[in-house]
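# Structural description and commentary
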Amino acid sequence: MFDYIIVGAGFAGSVIAERIANVLNRKVLIIEKRNHIGGNCYDYKDENNIIIHKYGPHLFHTDYKEVWNYLSNFTEWEYYHHRVLAFVDGKKIPIPFNLNSIYEIFPKKLAERLEDKLLSKYTYNSKVSVLEFLKEEDQDLKFLANFIYDKIFKNYTAKQWGLKPEDIDPQVTARVPIYINRDNRYFTDKYQGVPKEGYTKIFERILNNKNIKIMLNTNFNELINIDLENKKIFFYGQEFKGKLIFTGMIDELFDFKYGYLPYRSLDLKFEVIEKEYFQEAPVVNYPNNYDFTRITEFKHIHPVKSDKTTILKEYPKAYEPNKDIPYYPVFTEENQELYNRYKEEAESFKNLILIGRLAEYRYYDMDNVIKRALEIFEEKVR
Ligand code: UDP
């Protein structure tokens, strides 16, 4: 009845389903354990008409024209460039740390000296990761590097990952480099914006196709069995000869046979505040204070008239299997090795395709996973 089965209705699964349905005109079943589509991008309007991102803030940005064009088939965009401030030494300064941040936090004379030093060493508009910057030998630059490391990265990363910045894959902290310019925007990608009616509407449109059937509230293992010995996939007790595109947790697919892959999870605490606005930016990071990492105020992302406002505090925590939501894979060599064992196991099945944050154990942004889905469709699905 189905040529393809997809587990998970986030971007990875939904984009591939749309391609199968529209380009190939074949039938596809999506199995989704939650009671809604959209994965962690799911959003909804709360009682004050404010669009809330149920699983934490999602801001779309990409340099890939093909990804922007693809998504633009399913939404119009509101003009939006994301901004983040960090609460440091009693002040809220622009993040990524840039030349403006220097002037906001240091006395003018010192700021000028640091700027001069930076500009004699780095080209204007370049970016440098904090771990690279720490290697500076010049005394002033070393002072600045240590300051940024201590006040912006060290404690935030300890909260977020339970690790020191140097003990996690350098790519993680390099997501937020130091900018040698005066650009206060969080992302510098060519294409940025907020989907006019939110992300859930994008998913509704992507999945609105007679060839796509979705089963919500269904864990894949209620319908699918994996025969490890004979490398076969069973669907409702019968061998499934089509392709299974799996976007869930790879360790769960193989019944955790090599052990649990570690993740970081979050407690998300939403609060409705009886004022028009709570803070001066969409997101304020608190590296050194409180147990939460950041506060998001959704009204800044989707402006709406209301005398109340909804904020979100994120409290990171270790992930407990079968209980918490696995938000972030934890990038250490050891975990990567464990992942590779599962990956090898998966590769011995000829009709199994893995994609997404959980199945590939990768820190995908939305645009990267959409790009990957479009590629995988061409390379492995069609
Ligand atoms: N980070 C930090 N301080 C900040 C912002 C980011 O230490 O003020 C580090 C931290 O390790 C974080 C990583 O940079 O996990 C990536 O940050 P990003 O904002 O990209 O995280 P996401 O929005 O994906 O949670």
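Residues numbered from 1 in each chain as written. Predicted model: local features only at pLDDT ≥ 70, side-chain atom pairs only at ≥ 80, totals over all residues. Heavy atoms only, no water.

### Things to note about the overall build of the protein
Counted only if it meets this: Helix numbers and strand numbers start at the N terminus; a helix is a DSSP run of H or I with at least 4 residues, a strand a run of E with at least 2. The size measure is the radius of gyration over C-alpha atoms, and the globule rule it meets is 2.2 Å times the number of residues to the 0.38 power. Summary of the burial criterion: residues with accessible area below 20% of their type's maximum are buried, those above 50% are exposed, and those between are partly exposed, where the area comes from a 1.4 Å probe applied to protein chains only. Any pair of residues with heavy atoms lying within 4.5 Å of one another is described as a contacting pair. Throughout, the Shrake-Rupley method with a 1.4 Å probe supplies accessible areas, and for residues the shown protein chains are the sole cover considered. Working convention for charge: Lys and Arg count positive, Asp and Glu count negative, and His plus the chain ends are omitted. Charge positions come from single atoms, namely NZ of Lys, CZ of Arg, CG of Asp or CD of Glu.
Tallying secondary structure elements over the protein gives eleven helices and 22 strands in all. A compact globule built from 382 residues would reach a C-alpha radius of gyration of about 21 Å, and the protein, at 22 Å, matches this within 12%. Principal axes of the C-alpha set define a box for the protein whose edges measure 75 × 50 × 35 Å. By residue count, 57% of the 382 residues in the protein fall in the buried class. Look at the contacts in the protein between residues 6 or more apart in sequence, and 72% of them connect residues 24 or more apart. Per element, the accessible surface of the protein, about 18000 Å² overall, is 45% carbon and sulfur. Here the protein holds 56 positive side-chain charges and 58 negative ones, and the gap between their average locations is 2 Å.

### Focus: the sheet that holds strand 2 (residues 28-31)
Formally: By this definition, two strands are paired if DSSP reports at least two bridges between them. Here the axes come from fitting lines to C-alpha atoms, over the contacting stretch only for helices, and the angles between their N-to-C directions go from 0 to 180 degrees.
In space, the five strands of this open sheet follow the order 12-2-1-16-22, with parallel pairing throughout. Because the sheet does not close on itself, it has two edges, and the strands there are strand 12 (212-215) and strand 22 (352-354). Averaged over all neighbouring strand pairs, the angle between strand axes comes to 20°, with direction disregarded. The pairing of strand 2 with strand 12 spans four bridges and is parallel. When the sheet's bridge partners are listed, Ile-30 is paired in strand 12 with Ile-214. Along the sheet face, helix 11 (residues 366-381) touches strand 1 (4-7), strand 16 (243-246) and strand 22 and points at about 160° away from the line of strand 22.

### Overview of the side chain of Glu-252
Keep this limit in mind: By definition here, a salt bridge exists when the distance from a side-chain nitrogen of Lys or Arg to a carboxyl oxygen of Asp or Glu is within 4 Å.
Checked against the element boundaries, Glu-252 lands in helix 9 (residues 250-253). The charged side chain of Glu-252 is buried without a salt bridge, its nearest counter-charge being Lys-33 at 4.1 Å. Apart from the residues lying within four places of it in its own chain, the contact partners of Glu-252 are Lys-33, Asn-219, Phe-220 and Asn-221.

### Concerning helix 10 (residues 333-347)
Selection rule: To estimate how far a helix should reach, multiply one less than its number of residues by 1.5 Å. Here the arc refers to the directions that run from the helix axis out to each C-beta atom.
End to end, helix 10 covers 21 Å across 15 residues, agreeing with the expected 21 Å (1.5 Å per residue, within 8%). Residues of helix 10 that are buried: Asn-335, Leu-338, Tyr-339, Tyr-342, Glu-345 and Ala-346. Looking down the long axis of helix 10, one finds its buried residues gathered within 110° of arc, a one-sided arrangement. For helix 10, the exposed residues lying more than 90 degrees away from the buried face are Glu-333, Glu-334, Glu-337, Glu-344 and Glu-347. Buried residues in helix 10 make contact with helix 9 and strand 22.

### Some remarks on the side chain of Asp-365
Among the structural elements, Asp-365 can be located in the loop between strand 22 and helix 11. When its relative accessible area of 18% is taken as the criterion, Asp-365 is described as buried. Aside from chain neighbours lying at most four places away, what touches Asp-365 is His-61 and Arg-175.

### Thoughts on the site of the ligand
We count it as follows: We call a residue near a molecule or strand whenever a single non-hydrogen atom of that residue lies within 4 Å of it. Each polar contact in these results corresponds to two N or O atoms within 3.5 Å; when the atoms are within protein, one needs to be able to donate a hydrogen and the other to accept it, and residues that are neighboring in sequence are counted only if both atoms are side-chain atoms. Nonpolar residues are Ala, Val, Leu, Ile, Met, Phe, Trp, Tyr, Cys and Pro. Charged residues are Asp, Glu, Lys and Arg, and all others, Gly as well, are polar.
Taken together, 14 residues are adjacent to the ligand, and Trp-161, Arg-175, Tyr-186, Tyr-328 and Tyr-363 come closest. Between the ligand and Ile-152, the relevant distance is 2.9 Å, taken from a nitrogen atom to a main-chain nitrogen or oxygen of the residue. In the environment of the ligand, an oxygen atom lies 2.5 Å from a nitrogen or oxygen atom belonging to the side chain of Tyr-363. Against a free-state accessible area of 530 Å², the protein chains account for coverage of 94% of the ligand. The dominant element in the shell around the ligand, judged by the number of residues it contributes, is helix 6 (residues 139-161), at six residues. For the shell around the ligand, the per-class residue count stands at nine nonpolar, three polar and two charged.

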